[in-house]
2 protein chains.
Amino acid sequence: MNPALHPLDDALALTEAGPGRYRARTSPAYWNMVGPFGGITAAALLQAVMQHPQRLGDPLSLTVNYAGAIAEGEFTVQAEPVRTNRSTQHWTLSVLQPGAAGEPVVTTTATAVTAVRRETWSLPDTPMPEVTGPEGLERILRGMPVKWLDRYDLRPMTGALPSRWDGGGDSSLSQLWMRDEPPRPLDFCALAALSDVFFPRVWLRRARQVPAGTVSLTVYFHAGREQLADSGCGYLLGQARAQEFRNGFFDQTVQLWNQGGTMLASSHQIVYYKE
Amino acid sequence: MNPALHPLDDALALTEAGPGRYRARTSPAYWNMVGPFGGITAAALLQAVMQHPQRLGDPLSLTVNYAGAIAEGEFTVQAEPVRTNRSTQHWTLSVLQPGAAGEPVVTTTATAVTAVRRETWSLPDTPMPEVTGPEGLERILRGMPVKWLDRYDLRPMTGALPSRWDGGGDSSLSQLWMRDEPPRPLDFCALAALSDVFFPRVWLRRARQVPAGTVSLTVYFHAGREQLADSGCGYLLGQARAQEFRNGFFDQTVQLWNQGGTMLASSHQIVYYKE
């Protein structure tokens, strides 16, 4: 670890190891239970795109499929721009680690699209919910067993982690203010990671803690560099809810707005749960 | 074309041309303006997964990135199961066509996850809207210049194509009953295609017809084989809306229920628009 860097920048420090190949290390600061926080893996994949010398434009969409846990230590990110058009570029991505016999094993697959955006007619069609600001709200506890939670300042308004696991849940909706901890100017990678900070909807809806993990995550970036700069180190309002829980998998829809009410990203994931 | 087959089965007739390589032809019956209907391309990619001898389980998620138009004629679908776990399998997919010098050009990239599903606690968290049935509703006109529309029986309740392009739109919400034409028992590929039948939200919200096209589409399959069988040849209720229109791209969220009110799929896409 490099203590001179923000933990997010330290976690996303990629070293070029050949054309479209980047070497990285898992970060203890973003450790989840049996692997890295899914959001940091999404951010690392996007970071490879951001660093790639052939990149055209800025992130428009990112889909990450969590095929297997990433083990502690080194990993390789592969990023290939498989098709470049006039204003969009299509990426195929993966995370690799050595397997038992040293052979490369895919832990994560992904695709991304980057685009050169032009100013057009624009319209927010899902306004930010009317909520109180983050200032008066309590931050969720630090020092939880899951390390990555300390890397975020999370202030729930609606749908906080149940205080009693009594099976009495009645909604899957969470609304919370969030930002990196320590505060850090927002960029595309940080935004990708923030789209994954919500605890499993099944815990909330059932008020029951069952094993759960994201299988596939998609982020659509509505923000360009201007909106990121406007957001600065401020809080984002995140809203998450499930639509369907069925036979081991539920989906989650997410919206993220900055404090000025601009939607920066919308996101979706499908999540495994047990029982 | 094989007239003995349903047009969808004809469009999805893939011939194995090597391990994980499938040869197919574009179908005039599903032609859009400058290439195939996006939904049929998604279905063809999924069909390669369905036919692959190493497939584990049924479709759980599918993400398709439309990198370039597919030209009329032959194309190749590549499907590789890059990681197989105990109950989930991760796929990397692409569509290729010969370029100007005969070299393979990627027109479409995709990833998919298949899974063996087990019965668990389940809960619908977004009930089907209360709407009238399809019987009394008018079917949209046949014989439109866009051929693929004839392959669907589409019956809008809310958010039909504007009758006047006067810039006076006020909502991006559409609700319509839909099924294959002629009727055909629902399967995963048909469901994937149906998630993409909605015309561009920007046309509805602005009551203005501007060039638009899907860049990336994700489908989450909540239905297992039992729910597909229950759906049979019946109509599905489809609901689509946009969340944000910004500088050339908008997102669309979609839910599909069968007539019994069971959510079969949720879907999302990010769509390019001009002006």
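This structure is a prediction, so every number in the text was calculated from the model and none was measured.

So what's going on with the overall build of chain A? Which residues, and what values?
Across its full length, chain A carries five helices and 13 strands. Seen through its principal axes, chain A has C-alpha atoms that stretch 50 × 50 × 40 Å. By residue count, 60% of the 275 residues in chain A fall in the buried class. Expressed as a percentage of contacts within chain A between residues at least 6 apart in sequence, the contacts between residues at least 24 apart total 69%.

Tell me about the pattern of salt bridges, residues and numbers included.
All names here are of chain A. Evaluation of the coordinates by the stated rule reveals 28 salt bridges over all chains. For K147, the salt bridge goes to D150, with nearest N and O atoms at 4.0 Å. A relative accessible area of 12% means that D150 is categorised as buried. Each of R139, D153, R155, R179 and E181 takes part in a single network of salt bridges with overlapping partners.

Explain empty space enclosed by the protein to me, using residue names and the numbers behind them.
Residue and element names in this part refer to chain B. Within the structure shown, the criterion is met by four cavities of 30 Å³ or more. Here the largest cavity defines a volume of roughly 70 Å³. In terms of lining residues, the largest cavity is bounded by A11, R25, T26, S27, Y30, P36, I40, T41, A44, I70 and F75. Per-element accounting of the lining of the largest cavity gives the leading share, three residues, to helix α2 (residues 38-51). Of the residues that constitute the lining of the largest cavity, the class distribution is seven nonpolar, three polar and one charged.

Could you give an account of the environment of B:A71, naming the residues involved and the relevant values?
All names here are of chain B. Examined against the element boundaries, A71 turns out to sit in the loop between β3 (58-66) and β4 (74-84). A relative accessible area of 42% means that A71 is categorised as partly exposed. Sequence separation between A71 and V34 is 37 residues; the distance between their C-alpha atoms is 7.9 Å. Every residue in contact with A71, bar those within four places of it in the chain, is listed here: T26, W31 and Q97.

If you had to explain the side chain of A:R246 to someone new, which residues and values would you point to?
Structurally, the position occupied by A:R246 is in strand β11 (residues 236-246). Given the relative accessible area of 7%, A:R246 is considered buried.

Would you mind going over the interface of chain B and chain A in detail, with residue names and values included?
Frequently, the measure chosen for interface size is the accessible area that the parts lose on association. Tallying the contact residues gives 60 residues for chain B and 60 residues for chain A. Summed over the three residues of chain B that lose the most area to chain A, namely B:W121, B:Q243 and B:R246, the buried surface amounts to 13% of that side. Between chain B and chain A we count two salt bridges in total. The salt bridge partner of B:R205 is A:D125, with a shortest N-O separation of 2.9 Å. The tally of links between chain B and chain A comes to 46 residue pairs in polar contact (both at pLDDT 80 or more). Considering each element in turn, the side of chain B that touches chain A owes the most residues, seven residues, to strand β6 (residues 104-115) of chain B. Here the residues of the side of chain B that touches chain A sort into 21 nonpolar, 28 polar and 11 charged. As judged from the two bridges shared by β11(A) and strand β7 (residues 123-124) of chain B, these two strands associate in the antiparallel manner. Looking at the pairing, A:E244 lines up with B:P124 of β7(B).

Now, about the relation of the copies chain B and chain A: what can you tell me, with residues and values included?
Least-squares fitting of chain B to chain A yields an RMSD of 0.0 Å, with the transformation described by 0.0 Å of translation along the axis and a rotation of 180 degrees. Such values leave the two copies arranged in the relation of a two-fold axis. When the interface residues of chain B are mapped onto chain A, 100% of them again fall at the interface, so both copies present the same face.

Give me the lowdown on the UniProt feature "domain: Acyl-CoA thioesterase-like N-terminal HotDog" (unreviewed entry) in chain A, citing residues and values where you can.
As annotated by UniProt and renumbered to match this structure, "domain: Acyl-CoA thioesterase-like N-terminal HotDog" (unreviewed entry) occupies residues 28-111 of chain A. Secondary structure across residues 28-111 of chain A divides into 17% helix and 46% strand, with the first and last C-alpha atoms of the span separated by 26 Å.

Kindly report on the pairing of β4(B), identifying the contributing residues and their values.
Residue and element names in this part refer to chain B. Examined bridge by bridge, strand β2 (residues 21-25) and β4 share five bridges and lie antiparallel to one another. Residue pairing in the sheet places A24 in a bridge with F75 of β4. Across eight bridges, the pairing between β4 and strand β5 (residues 88-98) is antiparallel. Paired with T84 across the strands is Q89, a residue of β5. From the end of β4 to the start of β5, which pair antiparallel, there are three residues.

Just give me the short version of helix α2 (residues 38-51) of chain A, but keep the residues and values in it.
For α2(A), with 14 residues, the first-to-last C-alpha span of 20 Å sits near the 20 Å given by 1.5 Å per residue. Counting buried residues along α2(A), 13 of its 14 residues qualify, which places the element largely inside the surrounding structure.

Outline the pairing of strand β8 (residues 152-158) of chain B, supporting the account with residue identities and numerical values.
All names here are of chain B. Within β8, five of the seven residues are buried, which leaves the element mostly enclosed by the surrounding structure. Direction of pairing for β8 relative to strand β9 (residues 174-180): antiparallel, over a ladder of six bridges. Bridge pairing in β9 places T158 opposite Q175.

Rules used in this analysis
Residues numbered from 1 in each chain as written. Chains lettered and ligands numbered in written order. Predicted model: local features only at pLDDT ≥ 70, side-chain atom pairs only at ≥ 80, totals over all residues. Heavy atoms only, no water. Helix = DSSP H or I, 4+ residues; strand = E, 2+ residues; numbered from the N terminus. Buried < 20%, exposed > 50% of the residue type's maximum accessible area, 1.4 Å probe, protein only. Contact = heavy atoms within 4.5 Å. Salt bridge = Lys/Arg side-chain N within 4 Å of Asp/Glu carboxyl O. 1 Å grid on protein atoms, 1.4 Å probe; cavity = no way out; pocket = protein on both sides within 12 Å on 5 of 7 lines; lining within 4 Å. Points joined across faces, edges and corners; volume = space filled by probe spheres on them. Nonpolar A, V, L, I, M, F, W, Y, C, P; charged D, E, K, R; others polar. Buried area = accessible area lost by both parts, 1.4 Å probe. Polar contact = N/O pair within 3.5 Å; in protein donor to acceptor, adjacent residues only side chain to side chain. Pairing = 2+ DSSP bridges. Least-squares fit on C-alpha atoms with pLDDT ≥ 70 in both. UniProt positions renumbered as here; feature names shortened; annotations may be inferred. Expected span 1.5 Å × (residues − 1).

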